[in-house]
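# Structure at a glance
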Amino acid sequence: MKSVNIAANYNGDRSGSEERIESIPDNYAGKRIDQALALLLPDYSRSRLQQWIRKGLVTIDGQPCTGKTKVWGGEKVTVKLQPDANELAFLPEDIPIAIVHEDQSIVVIDKPAGLVVHPGSGNWSGTLLNALLQHVPGNASLPRAGIVHRLDKDTSGLLVVAKSLSAQTDLVRQMQQRSIGREYAAFVYGEVAADGSVDAAIGRHPRDRKRMAVVEQGKPARTHYAVLERGAGWTYLHCRLDTGRTHQIRVHLSSIGHALIGDPVYKKSSRSAPIPAAARTFVRQALHAQRLQIVHPDSGTAMHWTSPLPQDMVDLLECLRNG
């Protein structure tokens, strides 16, 4: 495995801000500052200018202002121009990524917990996509920078990224045909009695749109699980996916009363045993994408990779075993 870069910083400052100083013309007397700026800076929308004012990025003669502040001519207005979040989303960024395999067509990455895969609301920079564009600049021309599947921010482990459109098309086809093998290590609350499967459709939660849930009108989803080890109030599981729905393992295991240890969203079910002391301080969902298997899009060769448990989950297992 090779590691690109050395310092893990997923939320670096890439604001790219610059200052613009304008003098208010005398014939603008009586206008609100946002109206005056809309005339002075026609390249920016009124809503964007108002947002900068609310954030304190606009000053008049060195003093803060509000959107209702009026100008009378002759004032010096300083504006700290900031790119829109969407403009930052697809810029290369020097972020560390652990690469377990790379060739002319694909990159296989061992993602750490805490790294968002794709830019989105609240995470417009510091993502795996930004790191990829630094490491493989050519991926800027691919949809989603070649990303084929995702892991949740706080799930660690393996994922594959395409480096060409043909490779991406082939990998997406494999995903649709469910021929990409994905296996996970998971620690859950409660003592799972035996191996089993959850075959239950998943869709948006009917009351909380930020969550997923088992719902009748959802998309088909199937998760298989096997007991590796169990103790008082916890079980160590091996999980295998037949489908790849958002939050699938988290939702399915929670639905049978065995939510993931540390999961802040799909919390412990009332049917679970008392929370083990070691689980109370685990700060993320205890889920790791441990094995990935694909058919290479160029050679047609079956390939697989494994990733050991990350240190935080190793420590968790030791604490659980020790009670």
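Residues numbered from 1 in each chain as written. Predicted model: local features only at pLDDT ≥ 70, side-chain atom pairs only at ≥ 80, totals over all residues. Heavy atoms only, no water.

### As for the overall build of the chain
On a plain count of helices and strands, the chain comes out with 7 helices and 16 strands. Computed over the C-alpha atoms, the radius of gyration of the chain is 25 Å, more than 25% above the 20 Å expected from 2.2 N^0.38 for a compact globule of 323 residues. Seen through its C-alpha atoms, the chain measures out along the principal axes to roughly 80 × 50 × 40 Å. Per-residue burial over the chain gives 48% buried out of 323 residues. (Helix = DSSP H or I, 4+ residues; strand = E, 2+ residues; numbered from the N terminus. Rg over C-alpha atoms; globule rule 2.2 N^0.38 Å. Buried < 20%, exposed > 50% of the residue type's maximum accessible area, 1.4 Å probe, protein only.)

### What to know about the pairing of strand E7 (residues 106-111)
Of all 6 residues in E7, 6 are buried, a share of seventy percent or more. Burial along E7 is two-sided: the face carrying Ile106, Val108 and Asp110 and the face carrying Val107, Ile109 and Lys111 are both buried. As judged from the 4 bridges shared by strand E6 (residues 97-102) and E7, these two strands associate in the antiparallel manner. Residue pairing across strands places Ile99 opposite Ile109, the latter belonging to E7. The hairpin formed by E6 and E7 contains 3 residues between the paired strands. Judged from the 6 bridges that link them, E7 and strand E8 (residues 156-162) form a sheet pairing that is antiparallel. The partner of Asp110 across the bridge, within E8, is Leu158. (Pairing = 2+ DSSP bridges.)

### Some details on the packing of aromatic side chains
Evaluated as defined, the whole model comprises 2 aromatic pairs. The interplanar angle of 15 degrees and the centroid separation of 4.4 Å between the aromatic rings of Phe187 and Tyr236 together place this pair among those described as stacked. One end of the pair, Phe187, is in strand E9 (residues 181-189); the other, Tyr236, is in strand E14 (residues 234-241), and 49 residues separate them in sequence. As far as burial versus exposure is concerned, Phe187 and Tyr236 are alike and both buried. (Phe/Tyr/Trp six-rings, centres within 6.5 Å; stacked < 30°, edge-to-face > 60°.)

### Details of helix H6 (residues 248-255)
Owing to its 3.6 residues per turn, the α-helix brings residues three or four apart onto one side. Buried residues dominate H6, accounting for 7 of its 8 residues. Every buried residue of H6 is accounted for by Gln248, Ile249, Arg250, Val251, His252, Leu253 and Ser254.

### Things to note about the layout of surface pockets
As a volume, the largest pocket reaches approximately 1500 Å³. Along the wall of the largest pocket there are 48 residues; nearest its centre are Arg150, Leu151, Asp152, Thr246 and His247. Counting residues per element, the ones that place at least two in the lining of the largest pocket are helix H5 (165-176), E9, strand E11 (202-204) and H6. Among the elements that line the lining of the largest pocket, the one with the most residues is H5, at 4 residues. When its residues are assigned to classes, the lining of the largest pocket shows 17 nonpolar, 18 polar and 13 charged. (1 Å grid on protein atoms, 1.4 Å probe; cavity = no way out; pocket = protein on both sides within 12 Å on 5 of 7 lines; lining within 4 Å. Points joined across faces, edges and corners; volume = space filled by probe spheres on them. Nonpolar A, V, L, I, M, F, W, Y, C, P; charged D, E, K, R; others polar.)

### What to know about the nonpolar core
Membership of the largest hydrophobic core comes to 33 residues, with the highest contact counts inside it found for Ile109, Leu128, Tyr184, Cys239 and Leu253. Contributions of two or more residues to this core are made by E6, E7, helix H4 (128-135), E8, E9, E14, H6 and strand E15 (287-295). The greatest single-element share of this core, amounting to 5 residues, is contributed by H4. (Core = buried A, V, L, I, M, F, W, Y, C linked by side-chain atoms within 4.5 Å.)

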